[in-house]
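# Report on the structure
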Amino acid sequence: MSDADRRRMYIFLLIMTIAVATGFQAWRTLYNNFAVDIVGLTGQQIGIIQSVREIPGFLALLVIYLLLFIAEHRLAAISILILGLGVGLTGSMPTYPGMILTTLIMSFGFHYYETVNQSLTLQYFDLKEAPVIMGRLRAMGSVTNLIVGGSIFLLSMALNFQQLFWLFGILVMLTALWCLTQNPTSKNIPPQHKKMILRWRYWLFYLLNFFAGARRQIFVAFAVFLMVDKFQFSIQEVTVLFIVNNIINWWLSPAIGRAVNKYGERKVLSLEYAAMVLVFISYAYVESKLLVAFLYVLDHIFFNFSLAIKSYFQKIADPADIAPSMAVSFTINHIAAVVVPALGGMLWMVDYKIPFLAAAGLACISLILVQFIRTPDTK
């Protein structure tokens, strides 16, 4: 594959990353305050909505069959268009059923984009380039998050929730329409299987995705909710926290990609999961507003280490297995994620510490599993 082919795909992935980060960051920043202050949702309802949000991830396996009719890059653009529509509609439906519907629309766009995005990255960049490219794309996502967070901080003083949701939703949809006019693909990449692929030698990759999905959903569903519900964070304070978080990740994400190349997937993931055990235990018992904000930033830093799971798969996989395996891994990642937030919401009503302690236990299991990682560099 020529440098021009890779450069063209990189620019396409970069623009899509900016669009998705814009929509998802706006939705995520506004969501909890909108849910609590405007809709008046309880912890259990938040948990159920977060479970619904993961249904499209569970159905990511359908991407394999959509690729029979739609090219990967076009499916990515259509997914971004759906994401933007879901974000825009959120502020116009301030009810519990309305939030379930708009969350589902947004999530279909987000998860199907992520599935195809990861597939394209691993297909177009080699073993050394892929971790670095993933780090760079995450860094650009952090820059975009930073800009979106700052914009919301300023615009929230003049615009209401409905106007903010539509503003960012329309921006995302316009970018998606531009992406639909582009064709960054190359004929020089290996043809991808258009069927479900399950191989025994990928067992560790499947398990790491399963436990990562379960653990991650506890964070997504309840970390910000903890800050808003227990520590009374305002929308401006949540936005400032997102800004600080993304400044750090802007600088750190490319370094994580280089660290994977230098130290290997096993060491990088071991550091992530050991840190996650401590972070989730701390979430359960923290009583300081400043400390819970620090834990949130720390959690995001170590989440970026998860790109090592994908680079590990790239090293052990057949090139033709990448697209279907990314869809399979997303489904596996969301098997527990569909159940965990709703179950966590019920456990939250008993004691809010329980979901976080459960996440610490899941991180322990992942820490044990990554010790089995073997790649061509470490055999």
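Refer to the structure presented above.
Note that the structure is predicted; figures quoted are calculated from it, not measured.

## Examining the overall build of the protein chain
- A count of helices and strands for the protein chain gives 16 helices and 0 strands.
- Radius of gyration (C-alpha) of the protein chain: 20 Å, near the 21 Å computed for a compact globule of 379 residues.
- At a minimum sequence separation of 6, the contacts of the protein chain that also span at least 24 residues come to 89%.
- When the accessible surface of the protein chain is summed, it comes to about 14900 Å², and 70% of that surface belongs to carbon and sulfur atoms.
- The average position of the 27 basic charges and that of the 18 acidic charges among the side chains of the protein chain differ by 6 Å.

## Observations concerning the packing of aromatic side chains
- Taken as a whole, this structure holds 20 aromatic pairs when the rule is applied.
- Ring geometry for Phe34 and Phe165: centres 5.4 Å apart, planes at 75°, overall edge-to-face. Note that Phe34 is positioned in helix 1 (residues 3-39) and Phe165 in helix 8 (residues 161-179), a separation of 131 residues in sequence.
- Look at Phe165 and you get buried, because its relative accessible area is 1%.

## Considerations on the environment of Arg201
- As for its placement among the helices and strands, Arg201 is situated in the loop between helix 8 and helix 9 (203-229).
- On the accessibility criterion, Arg201 (40% relative accessible area) is partly exposed.
- In this structure the C-alpha to C-alpha distance between Arg201 and Ile316, which are 115 residues apart in sequence, comes to 8.4 Å.
- Discounting residues that sit within four places of it in the chain, Arg201 has contacts with Ile316, Asp318 and Asp321.
- A polar contact of 3.2 Å, which involves the side chain of Arg201, links it to the side chain of Tyr202.

## Quick notes on the nonpolar core
- Counting 121 residues, the largest nonpolar core has Tyr283, Tyr296 and Phe356 as its most contacted members.
- At 16 residues, helix 9 tops the list of elements feeding residues into this core.

## Some words on helix 6 (residues 96-124)
- Over its 29 residues, helix 6 runs 42 Å from end to end, which matches the ideal 42 Å to within 8%, given 1.5 Å per residue.
- A large share of helix 6 lies buried, amounting to 22 of its 29 residues.
- Taking the backbone nitrogen of Gly98 as reference, a side-chain oxygen 3.0 Å away marks Thr95 as the first, capping residue of helix 6.

## Re the environment of Phe12
- You can see Phe12 is positioned in helix 1.
- Once the C-alpha coordinates of Phe12 and Thr185 are considered, the two residues, 173 residues apart in sequence, prove to be 9.6 Å apart.
- Ignoring sequence-local partners within four residues, the contact set of Phe12 consists of His73, Cys179, Gln182 and Pro184.

## Observations regarding the side chain of Asn145
- With respect to the helices and strands, the residue Asn145 is situated in helix 7 (residues 129-155).
- Here Asn145 is in contact with Ala21, Gln25, Arg28 and Asn246, once residues within four sequence places are set aside.

## With respect to the pattern of salt bridges
- As enumerated under the stated definition, the model contains 8 salt bridges in all.
- Residue Glu265 pairs with Lys315 through a salt bridge whose shortest N-O separation is 3.1 Å. Linking Glu265 in helix 11 (residues 265-285) with Lys315 in helix 13 (residues 307-316), this pair joins segments that are 50 residues apart in sequence. One exposure class covers both Glu265 and Lys315, and it is buried.

## Details of unusual backbone geometry
- Phi at Gln232 takes a positive value of approximately 60°, unusual for a residue other than glycine.
- If you trace the backbone, Gln232 turns up in the loop between helix 9 and helix 10 (235-263).
- For Gln232, a relative accessible area of 56% gives the class exposed.

About the thresholds
- Throughout this document, residue positions are counted from 1 along each chain, in the order its sequence is written.
- Restriction of local features to residues with pLDDT of at least 70 applies here, the model being predicted, together with a cutoff of 80 or more for giving and counting side-chain atom pairs; totals for whole chains, interfaces and linings are based on all residues.
- To obtain the side-chain values, all non-hydrogen atoms of the structure were included, while hydrogens and water were left out.
- Numbering of helices and strands starts at the N terminus; helices are DSSP runs of H or I of at least 4 residues and strands are runs of E of at least 2.
- Both definitions apply: the radius of gyration is a C-alpha atom measure, and the globule rule equals 2.2 Å times residues to the power 0.38.
- Contact criterion: two residues are considered in contact whenever any of their non-hydrogen atoms come within 4.5 Å of each other.
- Using a 1.4 Å probe, accessible areas were evaluated by the Shrake-Rupley method; residue-level cover was limited to the displayed protein chains.
- In this tally, Asp and Glu contribute negative charge and Lys and Arg positive charge; neither His nor the terminal groups of the chain are included.
- Here the site of a charge means atom NZ of a Lys, CZ of an Arg, CG of an Asp or CD of a Glu.
- Whether two aromatic rings pair depends on their centres lying within 6.5 Å, for rings of Phe, Tyr and Trp, where Trp uses its six-membered ring; planes under 30 degrees apart make the pair stacked, over 60 edge-to-face, and the rest tilted.
- Exposure is judged per residue with a 1.4 Å probe applied to protein chains only, and the accessible area is read against the type maximum: over 50% gives exposed, under 20% gives buried, and values in between give partly exposed.
- Polar contact is the term for a pair of N or O atoms within 3.5 Å; when the atoms are in protein, one must be able to donate a hydrogen and the other to accept it, and sequence-neighboring residues count only if both atoms are side-chain atoms.
- For our purposes a nonpolar core is just a set of buried Ala, Val, Leu, Ile, Met, Phe, Trp, Tyr and Cys residues, chained together by side-chain atoms within 4.5 Å.
- In this scheme, a helix's expected span is set at 1.5 Å multiplied by one less than its residue total.
- Put simply, a salt bridge is a Lys or Arg side-chain nitrogen that is within 4 Å of an Asp or Glu carboxyl oxygen.

Any functional reading would require information that these geometric values do not contain.
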